[in-house]
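Chains, contacts and geometry: an overview
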Amino acid sequence: MIDRWIFHSHPLTVRDLAIYRILYASFAMLMAVPRGLWLEHLPDVFFSPPASLAAIVAAPLPFEYVQLLNVLLALSLAALLIGWYTRTASISATVLMILLNTWIYSPGKINHDILFVLVPAVMAFSGWGEAYSIDARRRTKINADSTEGSWTVTLMSLLIGIALFTAGWAKLSTGWLDLGSYATYGHLLINYHVTGRHPWGADLALQIKNTWFWEALDWSTVLFEVGFLPAVLSRRSFLFFCALAAIFHVGVELMFAITFWPNLVAYGVVIPYSKIGLPNSIPNVLTPVVDKIRSWPAWYLLAVPFCCALHAIFVAEEHLAATLHVNLGKGLVYFAAAVGVWYLGSRLIPRRTARTETA
Amino acid sequence: MFLAVLGLCVVQVDLLYRVGEPYPALLMPGFRGSGGAQGGYAISDRAEAIFVLRDGGTARFTMPELFAQFPISHYGDLQTHLAPYDEQAPIDRSGLRYRVFPGLHAGKLDRAQPTNRESLRQWMKQRASELLPEAEVERLEVVWYRDTHHFLSGTRQSEPTGSFTLDLQEPQS
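Residues numbered from 1 in each chain as written. Chains lettered and ligands numbered in written order. Predicted model: local features only at pLDDT ≥ 70, side-chain atom pairs only at ≥ 80, totals over all residues. Heavy atoms only, no water.

**Comments concerning the overall build of chain A**
Keep this limit in mind: Put simply, DSSP H or I for four residues or longer makes a helix, DSSP E for two residues or longer makes a strand, and each gets a number counted from the N terminus. The size measure is the radius of gyration over C-alpha atoms, and the globule rule it meets is 2.2 Å times the number of residues to the 0.38 power. Each residue is placed in one exposure class: buried if its accessible area under a 1.4 Å probe, protein chains only, is under 20% of its type's maximum, exposed if it is over 50%, and partly exposed if it falls in between.
Along its length, chain A carries 17 helices and 0 strands. By the compact-globule yardstick of 21 Å for 359 residues, chain A fits well, its C-alpha radius of gyration being 22 Å. Considered along the principal axes of its C-alpha atoms, chain A spans approximately 70 × 65 × 40 Å. When each of the 359 residues of chain A is scored for burial, the buried share is 54%.

So this is what it looks like as structure tokens:
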């Protein structure tokens, strides 16, 4: 039974995983490089790391190292994007993000993008580099419809379930379910008045004096987060919780102005991309482009994203999406919520139709 | 692999209770406790930075304005470096956790150390010159307030709870 859960609960093909690899690497190139360039301005007194490598080294990271790690990360992600030495690129991307984050969180605050960071290392063993990649071009025998690597998706779903459960447990064990605690209200006030985030959703929500509303938010948040772990046991329930999560994150965005896009990219691992029916126009446009670049040497293909990332690190000193004035994180949050609503709707509506027919 | 993940989870829970939240760890934001909300009101602490100028004038800034060059998620932790504190209070660095992690919470624990105080003074001087390019700044006063937010009336009461002062003039040799 455990074998069936591990190897067959998420029957995703190499093709599905390869599309996810390209999407993941694209988001990471656009949104996650460079990271931590502000460490240059951080005075030593603010170096107050949690238990981590930074606390063992007990010294801030020289800025040249921050730049070097960013360059190596850009190289890894560029290689991941084109699928060149994919396994090495995947593992090094995770290691480099963890190293950078170790010092980014050295002022004492951890930002919990760990699921996004772990994706490449886990998926390194999935075969996500064996389609739509340079690696695939070099191999003769590849079955793009194989689902052998889908156990990594189960592992990723377990990591997601455990991570969300920890958040729910922290709330459950510190009084969120006590009637009259209004924990969401309390945290919203701190976020609004102390941290200084003032989204319009918070302005609106803080007008609500109905205590049942705030209590319901506390309970639903805890139940949703704790419920994520048992939901891991079946693909259907896990997809249901991922859809809820997408809607949850848009709520957090609207009320707290916390754009938690990294988790949404991580949830995306469970989507069967090759089964999504695209409008004919998209392959019609893409096929000639892909045919043209298919013959390019790997170095040429690597150079394009890598040089863009170098520009982001050394010239723009901000990630590519910011340079392009595209709020990709927010866009992803709203898009994912729309997909979540559509998915939940598609799960509920056929049942109702069936019931109506029976009646 | 799956068993290793479960094993690592046990290790991280152990670390969590012994040394606080480690990094990396498979954890999501806990938002522990009620955020100061209880029984119809919520309490939050807020700080305001006041640069006192040489001509006696003052310039006030919120913490988000003061820390604008850093990510917003760090403001809450950064402002604890500007909280009132007792310079004579003993620093407890005993226990295995400080032997394994000698830099654990270093900046917060060792605030009174001359090198850290000087580091803060230099950064604050730089920040003052960016925020007030024309002014000669004498010192920084950070005033802390405790805000009580009344749930039903939507009103807020503030009372000062303490202050922290940092001389920004060059020490006389």
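**Brief notes about the side chain of A:Thr13**
Note the threshold: The contact rule is simple, with two residues in contact once any of their heavy atoms fall within 4.5 Å.
Note on placement: A:Thr13 falls in the loop between helix H1 (2-8) and helix H2 (14-31). Setting aside residues no more than four positions away along its own chain, A:Thr13 makes contact with A:Ala144, A:Asp145, A:Ser146, A:Thr147 and A:Ser274.

**Some points on a nonpolar patch on the surface**
Residues and elements named next belong to chain A. We apply this condition: To count toward a patch, a residue needs a relative accessible area over 30% and no salt bridge; like charges are then connected within 9 Å, while nonpolar side chains (Val, Leu, Ile, Met, Phe, Trp, Tyr) are connected within 5 Å. We get accessible surface area from the Shrake-Rupley algorithm with a probe of 1.4 Å; when it comes to residues, only the shown protein chains can shield them. Here, a salt bridge means any side-chain nitrogen of Lys or Arg that lies within 4 Å of a carboxyl oxygen of Asp or Glu.
Taken together, the side chains of Ile271, Ile276, Leu278, Ile282, Leu286 and Val290 define a hydrophobic patch exposed on the protein surface, amounting to about 470 Å² of accessible area. Note on placement: Ile276 falls in the loop between helix H13 (261-267) and helix H14 (281-294). Among the residues examined, Ile276 registers a relative accessible area of 44% and is labelled partly exposed.

**Here we look at the interface of chain A and chain B**
To keep it simple, the criterion reads: Each of two parts loses accessible area, computed with a 1.4 Å probe, when they are put together; buried area is these two losses added. What qualifies as a polar contact is a pair of N or O atoms within 3.5 Å, subject to a donor-acceptor requirement within protein and to the restriction that residues adjacent in sequence count only when both atoms come from side chains. Only Asp, Glu, Lys and Arg are considered charged in this grouping, and only Ala, Val, Leu, Ile, Met, Phe, Trp, Tyr, Cys and Pro are considered nonpolar; every other residue, Gly among them, is considered polar.
At the interface, 67 residues of chain A touch 62 residues of chain B. Roughly 5,800 Å² is buried in total at the junction of chain A and chain B, and carbon and sulfur atoms are behind 70% of that figure. Our count for the contact surface shared by chain A and chain B stands at 24 residue pairs in polar contact (both at pLDDT 80 or more). Contributing elements (two or more residues each) for the side of chain A that touches chain B: H1, helix H3 (53-57), helix H5 (86-104), helix H6 (114-123), helix H8 (151-172), helix H9 (183-195) and helix H11 (211-231) of chain A. Considering every element that reaches the side of chain A that touches chain B, the biggest residue donor is H8(A), with 12 residues. Considered class by class, the residues forming the side of chain A that touches chain B number 42 nonpolar, 20 polar and 5 charged.

**Considerations on H2(A)**
To be explicit about the condition: One less than the residue count of a helix, multiplied by 1.5 Å, gives the span that helix is expected to have.
With 18 residues, H2(A) should cover 26 Å at 1.5 Å per step; its first-to-last C-alpha distance of 25 Å lies within 8% of that length. Within H2(A) the residues assigned to the buried category are A:Val14, A:Asp16, A:Leu17, A:Ala18, A:Tyr20, A:Arg21, A:Tyr24, A:Ala25, A:Phe27, A:Ala28, A:Met29 and A:Met31.

**Some details on the packing of aromatic side chains**
Here is the rule: Ring geometry is summarised as follows: Phe, Tyr and Trp rings, the Trp one being its six-membered ring, pair when their centres sit within 6.5 Å, and such pairs are stacked at plane angles under 30 degrees, edge-to-face over 60 and tilted between the two. The rule for a charge over a ring is simple: NZ of Lys or CZ of Arg within 6 Å of the ring centre, and within 35 degrees of the ring normal.
Considering all chains together, one arrives at 30 aromatic pairs over all chains under this definition. Centre to centre, the rings of A:Phe165 and A:Trp169 are 6.1 Å apart; their planes meet at 15 degrees, and the pair counts as stacked. Taken together, the residues A:Phe165 and A:Trp169, both in helix H8 and 4 residues apart, mark about one turn of the helix. Its relative accessible area of 25% is what places A:Phe165 among the partly exposed residues. The exposure class assigned to A:Trp169 is partly exposed, which follows from its relative accessible area of 44%. Residues B:Phe67 and B:Tyr75 carry aromatic rings whose centres are separated by 6.3 Å and whose planes lie at 35 degrees to one another, so their mutual orientation is tilted. With relative accessibility at 0%, the residue B:Phe67 sits in the buried group. Taking relative accessible area as the criterion, B:Tyr75 reaches 7% and is therefore assigned buried. Its guanidinium or amino end placed over the ring of B:Phe164, B:Arg111 lies 5.0 Å from that ring's centre, counting from NZ or CZ.

**Quick word on the domain arrangement of chain B**
Applicable threshold: Each domain span listed reflects an automatic or database assignment of domains.
By the assigned domains, chain B splits into domain 1 (1-32) and domain 2 (37-88 + 95-167). With centres defined by C-alpha atoms, the gap from domain 1 of chain B to domain 2 of chain B works out at 30 Å.

**A closer look at the environment of A:Arg236**
Here A:Arg236 shows up in helix H12 (residues 235-256). In this structure, the C-alpha to C-alpha distance between A:Arg236 and A:His8, residues 228 residues apart in sequence, is 13 Å.

**Side note on unusual backbone geometry**
At the junction of A:Val33 and A:Pro34, the peptide bond is cis and its omega measures out at 0 degrees in the coordinates. Of note, A:Pro34 is situated in the loop between H2 and H3. Look at the link from B:Tyr23 to B:Pro24: it is a cis peptide, with omega at 0 degrees. Checked against the element boundaries, B:Pro24 lands in the loop between helix H1 (2-19) and strand E1 (37-38). Non-glycine residue A:His112 carries a positive phi angle of around 55 degrees. Relative to the elements of secondary structure, A:His112 occurs in the loop between H5 and H6. Look at A:His112 and you get buried, because its relative accessible area is 10%. With a phi angle near 55 degrees, A:His325 is a residue other than glycine that sits in the positive phi range. Mapped onto the fold, A:His325 is located in the loop between helix H16 (320-323) and helix H17 (328-358). According to the relative accessible area criterion, A:His325 is exposed, its value standing at 73%.

**Some points on the confidence of the model for chain B**
Put simply, the test is: Residue-level confidence of the predictor is summarised by pLDDT, bounded by 0 at the bottom and 100 at the top.
Put simply, chain B has an average pLDDT of 87, and 97% of its residues get 70 or more. This complex was scored by the predictor with a pTM of 0.91 and an ipTM of 0.90.

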